[in-house]
Amino acid sequence: MQILVVGGAGTIGRPLCAELAVRHRAMTAGRSGGDVAVDITSAESIEQMYRRVGRLDACICVAASGALDRFAELTEAALLENMRGKLFGQINLVLIGQRYLADNGSFTLTSGIFADEAWPGVTGGAVISGGLHSFVLSAAIELPRGLRINAVSPTMVADSIENFGRLFPGMKSVSMDRLIGAYVDCVEGSGTGGIVKAYG
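Each chain has its residues counted from 1, running along the sequence as written. In keeping with the model being predicted, local features are shown solely for residues with a pLDDT of at least 70 and side-chain atom pairs are shown and tallied solely at 80 or more, while totals for entire chains, interfaces and linings include all residues. Heavy atoms from the whole structure form the basis of all side-chain values; hydrogens and water molecules are not counted.

Caption draft 1: Structural detail: the layout of surface pockets. Residues are called lining when one of their atoms sits within 4 Å of a cavity or pocket point, these points coming from a 1 Å grid over the protein atoms alone, where a cavity is a set in which a 1.4 Å probe fits but cannot get out and a pocket is an open set with protein on both sides within 12 Å along at least five of seven lines. Grid points are joined across faces, edges and corners, and a volume is the space filled by probe spheres set on the points. Estimates place the volume of the largest pocket at around 1,200 Å³. In terms of lining, the largest pocket is formed by 46 residues, of which the most central are Val62, Ala64, Ser65, Gly66 and Lys86. Counting from the N terminus, the helices are DSSP H or I runs at least four residues long and the strands are E runs at least two residues long. Residue assignment for the lining of the largest pocket shows that the elements contributing at least two residues are strand S2 (25-30), helix H3 (76-97), helix H4 (123-140) and strand S7 (156-157). Here the element with the most residues in the lining of the largest pocket is H3; it accounts for five residues.

Here you go:
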């Protein structure tokens, strides 16, 4: 299969691409590097990306992350800015990409544990992940030509504990190997409309 990994140069993207490359052709896309440039906050940039890469069997997004926030100071403008990449960007990868993926191709998006577990300082992240879950469920019954869609919803990755563990004390982590396996299963499997909860 020919697979595009948006965010392929990141913490999850690098080992994911290495695993996919064992059996498939994996290409990377990102704002500052990769085989093709893309800014997922821009629908025009996403369209240009798909035109440049040509035929694809799968698109995986592990790009963009939600910002931390303070609930007492949270505003509509801050929420909308937070949603531009991780929510609307990933949605646009599907809405635009449905015209470019090969028959029976697949999309795999990335949400997060805050859709299901409340933590302080991540209201935006919770809204984004919950919205992605709802989008995946709806898109799964509407996508044409046998196209599939799933989301991987990770907790904190074990490889990131040193950098982010202090922000979420007591949160369980998920191993990188298990997380990569979840993405690979979404691409190589046959399911659609799934929310794979990699919560440790």
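Caption draft 2: Main features of the environment of Ile3. Topologically, Ile3 is positioned in strand S1 (residues 2-6). Only protein chains enter the accessibility calculation, which uses a 1.4 Å probe; a residue is then buried when its area is under 20% of its type maximum, exposed when over 50%, and partly exposed in between. Accessibility expressed as a relative area gives 0% for Ile3, which makes it buried. The contact definition used throughout considers only heavy atoms, calling two residues in contact when any of these lie within 4.5 Å. Look past the residues within four positions of Ile3 in its chain and what remains in contact with it is Leu20, His24, Arg25, Ala26, Met27, Leu56, Ala58, Ile60 and Val187.

Caption draft 3: Summary view of the packing of aromatic side chains. By convention, a stacked pair of Phe, Tyr or Trp rings (six-membered ring in the case of Trp) has centres within 6.5 Å and planes under 30 degrees apart, an edge-to-face pair has planes over 60 apart, and any other such pair is tilted. Under the definition given, this model contains three aromatic pairs. Between the aromatic rings of Phe114 and Phe168, the centroid separation amounts to 5.4 Å while the plane-to-plane angle is 40°, which identifies the pairing as tilted. Linking Phe114 in the loop between strand S5 (101-110) and H4 with Phe168 in the loop between helix H5 (161-164) and strand S8 (173-174), this pair joins segments that are 54 residues apart in sequence. Judged by relative accessible area, Phe168 falls into the buried class, the value being 10%. Relative to Phe168, the ring of Trp119 lies with its centre 6.2 Å away and its plane at 90°, an arrangement referred to as edge-to-face. Of this pair, Trp119 sits in the loop between S5 and H4 while Phe168 is found in the loop between H5 and S8, placing the two residues 49 residues apart along the sequence. Here Trp119 falls in the partly exposed class, since its relative accessible area comes to 22%. These aromatic residues form a ring-pair network of at least three members: Phe114, Trp119 and Phe168.

Caption draft 4: Representation of the packing of helix H2 (residues 43-53) against H3 in the model. Only C-alpha atoms enter the line fits that serve as axes; for helices the fit covers just the stretch in contact. Angles between N-to-C directions range over 0 to 180 degrees. Interaxial distance between H2 and H3 falls to 10 Å at its minimum, and their mutual angle equals 45°. Taken together, the axis directions place H2 and H3 in an arrangement best described as oblique. The interaxial crossing formed by H2 with H3 has right-handed handedness. Across the interface between the two elements, Ala43, Ile46, Glu47, Met49 and Tyr50 from H2 touch Gly89, Asn92, Leu93, Ile96 and Gly97 from H3. When grouped by side-chain class, the residues that make up the contact of H2 with H3 number six nonpolar, three polar and one charged. Our angle categories are set so that under 35 degrees counts as roughly parallel, over 145 as roughly antiparallel, 65 to 115 as roughly perpendicular, and the remainder as oblique. Helix crossings fall into two classes, left-handed where the near helix is turned counterclockwise from the far one by less than a right angle and right-handed where it is turned clockwise. In this count, Pro and Cys sit with the nonpolar residues alongside Ala, Val, Leu, Ile, Met, Phe, Trp and Tyr, while Asp, Glu, Lys and Arg are called charged and the others, Gly among them, polar.

Caption draft 5: Examining the environment of Phe107 more closely. By the secondary structure assignment, Phe107 is in strand S5. By relative accessible area, which is 1% here, Phe107 ends up buried. Distance in space between the C-alpha atoms of Phe107 and Val94 is 6.9 Å, their sequence separation being 13 residues. When near neighbours in sequence (up to four residues on either side) are disregarded, Phe107 contacts Tyr50, Cys59, Leu93, Val94, Gly97, Gln98, Leu101, Leu143, Leu147, Arg148, Ile149 and Asn150.

Caption draft 6: Inspection of the pattern of salt bridges at higher detail. Every case where a carboxyl oxygen of Asp or Glu lies within 4 Å of a side-chain nitrogen of Lys or Arg is listed as a salt bridge. Inspection of every chain in the model, using the stated rule, returns eight salt bridges. With its nearest N and O atoms 2.9 Å apart, the salt bridge here joins Arg31 to Asp39. In this structure, the salt-bridge partner of Asp57 is Arg55, at a minimum N-O distance of 3.0 Å. Judged by its relative accessible area of 13%, Asp57 is buried. Of the residues examined, Arg55 reaches a relative accessible area of 54% and is grouped as exposed. Several salt bridges share partner residues, and in doing so they unite Glu19, Arg23 and Glu188 into one network.

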